[in-house]
Amino acid sequence: MSKAIIVYASRTGQTKKIGELIAEGIRLSGHEANVVNAKDVKKETDLQNFDAFVLGSATYHGDMMQVMKTMLFLAEKANLEGKVGGSFGAFGWSGEAPDRIFGTMENVFNMDMVSGPLRLKSSSLGGGIQMAQDYGREIAEKLNR
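Every value quoted in this text rests on a predicted model; they were computed, and no experiment measured them. (Residues numbered from 1 in each chain as written. Predicted model: local features only at pLDDT ≥ 70, side-chain atom pairs only at ≥ 80, totals over all residues. Heavy atoms only, no water.)

Within soluble globular proteins, side chains that are nonpolar generally end up buried alongside one another. Core analysis: the biggest nonpolar cluster contains 47 residues, and Ile-22, Met-68, Met-71 and Ile-139 have the highest contact counts within it. Mapped onto this core, the elements with two or more residues apiece are strand 1 (3-9), helix 1 (14-28), strand 3 (52-57), helix 2 (66-76), strand 6 (84-90), helix 3 (97-107), strand 8 (118-120) and helix 4 (128-143). The dominant element in this core, judged by the number of residues it contributes, is strand 1, at six residues. When residues no more than four places from it in sequence are discounted, the contact partners of Ile-139 are Ile-26, Ala-52, Val-54, Val-84, Gly-85, Gly-86 and Val-114. (Core = buried A, V, L, I, M, F, W, Y, C linked by side-chain atoms within 4.5 Å. Buried < 20%, exposed > 50% of the residue type's maximum accessible area, 1.4 Å probe, protein only. Helix = DSSP H or I, 4+ residues; strand = E, 2+ residues; numbered from the N terminus. Contact = heavy atoms within 4.5 Å.)

Residues other than glycine seldom take positive phi values, yet Asn-49 does so here, at roughly 70°. With respect to the secondary-structure elements, Asn-49 resides in the loop between strand 2 (32-37) and strand 3. Backbone geometry places Asn-110, a non-glycine residue, at a positive phi of 55°. Mapped onto the elements, Asn-110 comes out in the loop between helix 3 and strand 7 (112-113). On the accessibility criterion, Asn-110 (41% relative accessible area) is partly exposed.

None of this, on its own, says anything about what the molecule does.
Structure below.
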């Protein structure tokens, strides 16, 4: 059984909810999934012993939250090359954060990324629950390879 970590930075709780739904999709596919607040990741060893990394941040003023930026600098030291990855986030207007996180994971960390980032206004709008769980299943499919 593979292990995934879902790390989120949330302002209103929406990004956390999306992360929890992604974790459900991973678990329903037979893998372990831990959901962790980005502020609780203090050192690169907190990111060891995971096979997949799904990182998410709310978009605030056109950017990811500062705590996620800090976590990404830490993750750069954790040697995530070749690990399965994905990104997600909630947004009100623009939604750039998941794209920027995805690009960092793909181009800087050289991770084995899923098809693209998951961007939702809310987990409860327009099929958001199903989309988030399906994203978790997509992560799990990559773990199965």
